[in-house]
Amino acid sequence: SLHVLENHVIYQRVTTGNAHFGIVAYEANLMNSNLQFHPLFSDEYLLYVGPKSPLWQQDQVKLEELYEQPYIAYGDEFLDVRAEWNESLFSIKRPNISLRINNTNAIRNMILHENYVAFFPKFSALSDYYVTSGYIKALPIENTALPVHYGCIESTHYKRSNEERTFIEYLKRSVQELNFSI
C-alpha cells in the first residue's frame, strides 16, 4: 500500500523496519548507516504566488523579497535548518512563516485567495492545475538555487521483493522518460 507522509517520518519508518523502502527528498541529516539512498532525479523549488501577492507581476523573485511575504509552511518545513536548501534560506534570515498546513491543495487555495506564498518543486508546477491555468505563478528565485534531490531509500537489512524491484525500475524508467535530471 502507498502512504504519503512527512519526509522525516518515511526515513524513520524505513530505519526502524516499519517500511521496506520510501520515496523521499534527500536529507543528509536523516541518513544513517542502515539506509541506502538511490537517486531518481534532481529538481529545484519555485515560489508560488497568487494574484493578491505584491510579487504577482514579477517573472522571478529575489530571496530578500521572500522574507517579507507571509509564508505557508508545509508540515515540518524549515524546522531543521540543516536541510540542504534551508541553509541557503537561513543564511540571511528565517522566512516569515504565518501558517503550517499538511495539505498542498489547501496551501494552493490560500495562495490563490490570499496574500500567501509557498515553495513547491518545479516538476510539480509543470502539471499543477493552478499554475497551468494561470491562477498561480511559480517564480524562480533569482539569486539563490534551492535544489532538491528525490530518490528511494531502503534499509541495508532488508532485501527487496520482486514486486518492489519491478516498481522501482518502472519508476526510474518513468522519470527518465519525463526527462527529469538525475
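Residues numbered from 1 in each chain as written. Predicted model: local features only at pLDDT ≥ 70, side-chain atom pairs only at ≥ 80, totals over all residues. Heavy atoms only, no water.

Each helix and strand in the protein chain was counted, giving seven helices and seven strands. Reading the helices (α) and strands (β) of the protein chain from amino to carboxyl end gives α-β-β-α-β-α-β-α-β-α-α-β-β-α. Since a compact globule built from 182 residues should have a radius of gyration of about 16 Å, the 17 Å found for the protein chain is in line with a globular shape. Here the C-alpha coordinates of the protein chain stretch approximately 50 × 30 × 25 Å along the principal axes. When the 182 residues of the protein chain are sorted by exposure, 41% land in the buried category. Taking all contacts inside the protein chain whose residues are at least 6 apart in sequence as the whole, residues at least 24 apart take part in 73%. Put simply, the protein chain shows about 10,100 Å² of open surface, and 51% of that area lies on carbon and sulfur atoms. (Helix = DSSP H or I, 4+ residues; strand = E, 2+ residues; numbered from the N terminus. Rg over C-alpha atoms; globule rule 2.2 N^0.38 Å. Buried < 20%, exposed > 50% of the residue type's maximum accessible area, 1.4 Å probe, protein only. Contact = heavy atoms within 4.5 Å. Areas by Shrake-Rupley, 256 points an atom, 1.4 Å probe, with all protein chains shown as cover.)

Where charged atoms from two side chains of opposite charge approach closely, those side chains can pair. Tallying each qualifying case throughout the model produces four salt bridges. Ionic pairing is found between R160 and E154, a salt bridge with its closest N-O pair at 2.9 Å. Pair check on accessibility: R160 and E154 agree, each one buried. Note that K172 is salt-bridged to E169, the shortest N-O span being 3.9 Å. Here the residue K172 and the residue E169 both occupy positions in helix α7 (residues 162–177), the gap between them amounting to three residues, near one helical turn. Take K172: its relative accessible area is 26%, and that puts it in the partly exposed class. (Salt bridge = Lys/Arg side-chain N within 4 Å of Asp/Glu carboxyl O.)

Turning to the packing of aromatic side chains, a few remarks are in order. Using the criterion set out here, one finds 10 aromatic pairs in the structure. Ring plane angle 90° and centroid distance 5.1 Å describe the contact between F41 and F123, whose orientation is recorded as edge-to-face. Residue F41 is located in strand β2 (residues 35–49), and its partner F123 is located in helix α5 (residues 122–125); the two are separated by 82 residues in the primary sequence. Counting every residue linked through ring pairs, the aromatic cluster contains F41, F123 and Y150. Here the guanidinium or amino end of K137 rests over the ring plane of W56, the centre of that ring lying 5.1 Å away. (Phe/Tyr/Trp six-rings, centres within 6.5 Å; stacked < 30°, edge-to-face > 60°. Lys NZ or Arg CZ within 6 Å of the ring centre and 35° of its normal.)

This paragraph deals with the nonpolar core. L47, Y71, I111 and F119 are the most contacted members of the largest nonpolar core, which has 37 residues in total. Those elements that place two or more of their residues in this core are β2, α2 (63–66), β3 (71–74), α4 (104–113), β5 (117–121), α6 (129–132) and β7 (147–155). Per-element tally for this core: the top contributor is β2, with seven residues. If we ignore the near neighbours within four places in the chain, the residues touching Y71 are L47, L66, E77, F78, N96, I97, S98, L99, V117, A118 and F119. Counting six residues, the second largest nonpolar core, distinct from the first, contains I10, V24, L35 and I153. (Core = buried A, V, L, I, M, F, W, Y, C linked by side-chain atoms within 4.5 Å.)

Given a rise of 1.5 Å per residue, 16 residues ought to cover 22 Å, and the 22 Å separating the end C-alpha atoms of α7 matches this to within 8%. Buried within α7 we find E164, I168, S174 and V175. All buried residues of α7 project into a common sector of 125° when viewed along the axis, lining one side. Seen from the buried face of α7, the exposed residues on the opposite side, beyond 90 degrees, are N162, E163, T166, Y170 and E177. Among the residues trailing α7, N179 stands out with phi positive, at a value near 65°. (Expected span 1.5 Å × (residues − 1). Arc of directions from axis to C-beta.)

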